[in-house]
Amino acid sequence: MQQLASFLSGAWQTGQGRARTIHHAISGDALWEVTSEGLDMAQARRYAIEKGSSALQAMTFIERAAMLKAVAKHLLAEKEHFYALSAQTGATRADSWVDIEGGIGTLFTYAGLGNRELPDDTLWPEDELIPLSKAGGFAARHVLTSKSGVAVHINAFNFPCWGMLEKLAPTWLAGMAAIIKPATASAQLTQAMVKSIIDSGLVPDGALSVICGGAGDLLEKLDSQDVVTFTGSAATGQQLRVHPNIVAKSIPFTMEADSLNCCVLGDDVTPEQPEFALFIREIVREMTAKAGQKCTAIRRIIVPQQQINAVSEALIARLGKIVVGDPAQEGVKMGALVNIDQRQDVQEKVDLLVAAGCQILLGGKADDKAAGAFFPPTLLLCPQPDEIKAAHAIEAFGPVATLMPYQNRDHALALARAGEGSLAGTLVTADGALAREFILGAARAHGRIQVLNEESSKESTGHGSPLPQLVHGGPGRAGGGEELGGLRSVKHYMQRTAIQGSPTMLAAIGKQWVRGAAVVEDRVHPFRKYFEEIQPGDSLLTHRRTVTEADVVNFACLSGDHFYAHMDKLAAADSLFGERVAHGYFLISAAAGLFVDPGVGPVIANYGLEDLRFIEPVKPGDTIQVRLTCKRKTIKRQKTAEETPTGVVEWSVEIYNQHQQAVALYSILTLVARQNGDFA
């Protein structure tokens, strides 16, 4: 039997001493021995920082995003190897798809977010200019910079691929190296994916390490520039959170723990409605997917008292048809738990729930003589959910859920909150007013809530599916932390700092022009410059144009906008304007006529308009002038070598009247040709 090696300090290493054994979840055969005793964790951390973090921080956000995309494409090409290893953990092909391709999809998502929304820089200006003085010479903004440490990710056994990749994506995008500590029970799959990434040569040396076995004294070697994340049981997470070194050095610690998530059937739903069937389907899917080994799985089924019999009968009928066994066999819908130890743990938790007063409606007993770690779908009934507190506190981490009745809506809300914090909840209802009442009363106890009805079911990803764009985490028992949520999660691995100074100084620091900063004007129109030639602060002050009554009338006829403030002299006289005013969109059009260079050049297209504000009215007889200034620019990577290389330039547009008052402020985006291609 081989020992599963760790990858630390740029080399594959095996520990010495007491080892744990990884068993095949279906056959029970011993597969690997795992130990990391004797490995130098302090050196592994130093190497990751000095090599990996340093290299990543030298890359721009755009370059890091391109790296994520390249890694995702590589792993996708290698996926069948991972599927074969995933079968050792008892997972079905569908279970493995979520773990393997779902994780790879998260890399693709973050690659896209980084490429579209982050600067082509190593510093991230988070917000716009914040004025701090009356004259505008003193201002501030918040910036994000990479921490100089390493991210330590301690992951759970149930999603050995997704659990790693959903943390790696924002970590690498933030410019930090990562040390992965997978759960031993499924570490062979995490290790295989790490090895594939390392062998690809797509990431810098030291950017990725993996510990197969215990973390040793690693947590004792961390400092305030490091970050620790944990996914797993609430009890273990609470112990790690109060590690003396983590507390003493205020090391950021993000925890995502298993929780007693709920699914609530609205009191408006009857067995005849389509929502009832959706409710049953959702629960069965969440109980049996990954054999119930999901931190987001439905553990508490909360239904109106009058529907308790109908729901229990429907669930028993559906769950009774689930074939449990070796996923390699045709017709098997649910595989095994990860190992015998996990099967024993689930059995102990079910026994505790029964001892507390819950009743077994289906399943409830494993065949402890079987070689495989199988546990049957188990449905419990908690007849008195207010008195039996164990139903809201004890989690059997397997295909187990507890049915509990509610008397009225307030009671349903109380039960939904009784889990004291969960990752995900679902309300099944066709009533919008009920949905709002539920959100107001229960959202504070959940990290995510799905409202499921016939309309959303057609495209719903399901109760238990964390999405890269949405926050994954929850209050209380769920850990009180956040993961994912789009670019929000990248900020967890960066330092936010408020910077104060003059607008010109803030523009220099952020490499982005801000309103009030100095501008640069030359004889070459900005629209005649290629992407590489344009610099933040490049500016054009246009000639003037006097707005006439004919302009207003002609624009009204052209656009069809005959609003009284533009066209009715008497009504406009009684309005807040006191007289007729020009259309706001006429001003935007007239401004374009003032600053656009009409000839063929590097500017290819108008890419959009953002943050439009009309500040002061413009009346016939007023004269306008426009200042166009390059605010920031972002490279666009070519999808093919034949595609025209381009970048996006954001321009600040300021329209002034003859009194030098701003009448309209906004930004436009232009697609600008690059002189040099950059295919990736």
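Model, not experiment: these values are computed from the prediction.

Hey, could you run me through the packing of helix H12 (residues 409–417) against helix H13 (residues 432–442) in this one?
When two helices pack together, their arrangement is given by the angle between their axes and by how far apart the axes lie. Contact geometry for H12 and H13: axes closest at 10 Å, N-to-C directions at 45 degrees. Here H13 runs oblique to H12, going by the angle between their axes. Between H12 and H13 lies a crossing whose hand is right-handed. Within the contact between the two elements, H12 uses Arg-409, Leu-413, Ala-416 and Arg-417 and H13 uses Leu-434, Glu-437, Phe-438, Gly-441 and Ala-442. Of the residues assigned to the contact of H12 with H13, the class counts are five nonpolar, one polar and three charged.

How should I be thinking about the packing of aromatic side chains in this particular structure?
The geometry of an aromatic ring pair is captured by the separation of the ring centres together with the interplanar angle, meaning the angle of the planes. Counting across every chain of the model gives nine aromatic pairs. Aromatic pair Phe-61 and Trp-124: ring centres 5.9 Å apart, planes at 75 degrees, arrangement edge-to-face. Taken together, the positions of Phe-61 in helix H2 (residues 61–77) and Trp-124 in strand E6 (residues 124–125) put the pair 63 residues apart, joining distant regions of the chain. Each member of the pair Phe-61 and Trp-124 is classed as buried. Connected via pairs of aromatic rings, a cluster forms that spans Phe-527, Phe-595 and Trp-651. It is Lys-290 that lies over the ring of Phe-159; its NZ or CZ is 5.0 Å from the centre.

I tried to follow a nonpolar patch on the surface on my own but got confused; where do I start?
Taken together, the side chains of Ile-130, Leu-132 and Phe-138 define a hydrophobic patch exposed on the protein surface, amounting to about 230 Å² of accessible area. With respect to the secondary-structure elements, Leu-132 resides in the loop between strand E7 (130–131) and strand E8 (139–146). Look at Leu-132 and you get partly exposed, because its relative accessible area is 40%.

Sorry, what's going on with the environment of Ala-94 here?
Looking at the secondary structure, you find Ala-94 in helix H4 (residues 93–117). Exposure remark for Ala-94: the relative accessible area of 54% places this residue in the exposed category. Separated by 233 residues in sequence, Ala-94 and Pro-327 have C-alpha atoms that sit 9.8 Å apart.

What counts, and at which threshold
Per chain, residue numbering runs from 1 following the sequence as it is written. Totals for whole chains, interfaces and linings use all residues, but because this is a predicted model, local features are given only for residues with pLDDT of at least 70 and pairs of side-chain atoms are given and counted only at 80 or more. Each side-chain value is worked out from all heavy atoms of the structure, with water and hydrogens disregarded. All axes here are fitted lines through C-alpha atoms, helices being fitted over the stretch that makes contact, and every angle between N-to-C directions spans 0 to 180 degrees. Under the scheme used here, helices are H or I runs from DSSP no shorter than 4 residues and strands are E runs no shorter than 2 residues, and both carry numbers assigned from the N terminus. Any angle between 65 and 115 degrees counts as roughly perpendicular, while under 35 counts as roughly parallel, over 145 as roughly antiparallel, and the rest as oblique. Crossing handedness: left-handed means the near helix sits turned counterclockwise from the far one by under a right angle, and right-handed means the same turn made clockwise. When checking whether two residues touch, look at their non-hydrogen atoms; a contact exists if any pair is within 4.5 Å. All amino acids are sorted into three groups, where Ala, Val, Leu, Ile, Met, Phe, Trp, Tyr, Cys and Pro are nonpolar, Asp, Glu, Lys and Arg are charged, and the leftover types, Gly among them, are polar. Only centres within 6.5 Å qualify two rings of Phe, Tyr or Trp (six-membered ring in Trp) as a pair; their planes then separate them into stacked at under 30 degrees, edge-to-face at over 60, and tilted for everything else. Classification of residues uses two cut-offs on accessible area relative to the type maximum, computed with a 1.4 Å probe and protein chains only: under 20% is buried, over 50% is exposed, and between them is partly exposed. Whether a charge lies above a ring is judged from NZ of Lys or CZ of Arg, which has to be within 6 Å of the ring centre and within 35 degrees of the ring normal. Patches here: salt-bridge-free residues with over 30% relative accessible area, like charges joined within 9 Å, nonpolar side chains (Val, Leu, Ile, Met, Phe, Trp, Tyr) joined within 5 Å. Only the protein chains shown count as covering a residue, and every accessible area follows the Shrake-Rupley method with a 1.4 Å probe. A carboxyl oxygen of Asp or Glu within 4 Å of a side-chain nitrogen of Lys or Arg is what we treat as a salt bridge.

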